[in-house]
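Inside the fold
Letter by letter, the chains look like this.
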Amino acid sequence: MNVNIPIADNRESPVSSQSPSNPTVSQSAIAPAGPKGTMETYCPFLSFEFYMPFFNVSSKDIALRILYSFIPIRAKFVEEVGENPDLYGPFWIYTTLILFLAAGGNLSRFLVANQNGTTADYGYDFDFIPNAVAVVYGLGFIFPLALYILMRVFGSKTTYMITLCIYGYSTTVYIPMIVLAAFPSDTLQWVAIIVALVFSTLFLLVNFWRELSQYVEKSRHIVLGVILFVQVTLLLVFKFYFFGKVFSGPKK
């Protein structure tokens, strides 16, 4: 005769094994995120959270991208950036340009005064800095926006941040140009400007070429013409205002 005697199972179920004394941990893990603020909902580009991913780059990334900005004949830069454009590099490149314009302008004025024997009348001049800020920051952020809109109208799939990133790094070559232009030599200034124009424009064309060829093939000559026009105009402003008027000082 078989007798079945029930044996109590001492194993606790997963539900009963959870300690009720600390319910906060389990509840916080499944707690829904709080509602977004009005700014994040309707104007996300006005919030800090929107720009945080574009500053998530290492110093190695920045150094590599600056290095590639001096290699305008190959599209290594856009390959390295991929889908991870940054604002850190362009912002500090623009800021460095303004600082170099301030330092270079006063150094050049001092060298001119030294040549003319009027160093006693020399004084620092920072009145042109607001104009430098307006030109560098204004063009540095507004032109990429206009270029992005133009490319999107013609069918491009690019983003404003990628366009801004490429354009921002294209201005890196302007820094050594300003250093050379600080010496009061018209020939040296023209050589520096032409070299900077060639390097910067080639960098833009090479790194935008894949996008233009794939999506903007029929209208790419318009985009290329706009880029070339803005490049030449900017460097003429550098030559005839900053290098010609500010750097050389007032004409006697």
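Overview of the structure. Bear in mind the structure is a predicted one, so any value in this text is a computation, not a measurement.

Moving on: the overall build of the protein. Secondary structure assignment for the protein yields twelve helices and zero strands. Within the protein, buried positions represent 35% of all 252 residues. Put simply, of all contacts in the protein between residues at least 6 apart along the chain, 75% involve residues at least 24 apart.

Tallied over the full model, the rule gives one cavity of 30 Å³ or more. Reported here for the largest cavity is a volume of approximately 70 Å³. Lining the largest cavity we find Tyr94, Leu97, Val135, Val136, Leu139, Gly140, Tyr167, Thr171, Tyr174, Leu234 and Phe238. Per element, the largest residue contribution to the lining of the largest cavity is four residues, and it comes from helix H8 (residues 129-153).

Let's shift gears to the side chain of Glu211. Tracing the backbone shows Glu211 in helix H11 (residues 186-215). For the buried Glu211, which has no salt bridge, the nearest side chain bearing the opposite charge is Arg152, at an N-O separation of 6.6 Å. Engagement of the side chain of Glu211 in a polar contact is seen with the backbone nitrogen of Thr158, the distance being 3.2 Å. In contact with Glu211, other than residues within four places in its own chain, are Met151, Ser156, Lys157, Thr158 and Val216.

As a further point, take the nonpolar core. Judged by nonpolar contacts, the single largest core of 48 residues is most densely connected at Phe77, Tyr174, Met177, Phe208, Phe238 and Phe243. Sorting the residues of this core by element identifies helix H5 (59-69), helix H6 (76-81), helix H7 (88-116), H8, helix H9 (160-170), helix H10 (174-181), H11 and helix H12 (220-246) as the ones contributing at least two each.

Here we come to the pattern of salt bridges. Scanning the model with the defined rule gives four salt bridges in all. A salt bridge links Glu80 to Arg65, with the nearest nitrogen and oxygen atoms 2.8 Å apart. Here Glu80 is found in helix H6, whereas its partner Arg65 is found in helix H5, with 15 residues between them in sequence. On the basis of relative accessibility, which here comes to 2%, the residue Arg65 falls in the buried class. The residue Arg65 makes a salt bridge to Asp86 at a minimum N-O spacing of 2.4 Å. Here Arg65, found in helix H5, pairs with Asp86, found in the loop between H6 and H7; they are 21 residues apart in sequence, far enough to count as distant. Each member of the pair Arg65 and Asp86 is classed as buried. Here the salt bridges do not stand alone but share partners, grouping Arg65, Glu80 and Asp86 into one network.

How each quantity is defined
- Residues numbered from 1 in each chain as written.
- Predicted model: local features only at pLDDT ≥ 70, side-chain atom pairs only at ≥ 80, totals over all residues.
- Heavy atoms only, no water.
- Helix = DSSP H or I, 4+ residues; strand = E, 2+ residues; numbered from the N terminus.
- Buried < 20%, exposed > 50% of the residue type's maximum accessible area, 1.4 Å probe, protein only.
- Contact = heavy atoms within 4.5 Å.
- 1 Å grid on protein atoms, 1.4 Å probe; cavity = no way out; pocket = protein on both sides within 12 Å on 5 of 7 lines; lining within 4 Å.
- Points joined across faces, edges and corners; volume = space filled by probe spheres on them.
- Lys, Arg positive; Asp, Glu negative; His and termini not counted.
- Salt bridge = Lys/Arg side-chain N within 4 Å of Asp/Glu carboxyl O.
- Polar contact = N/O pair within 3.5 Å; in protein donor to acceptor, adjacent residues only side chain to side chain.
- Core = buried A, V, L, I, M, F, W, Y, C linked by side-chain atoms within 4.5 Å.

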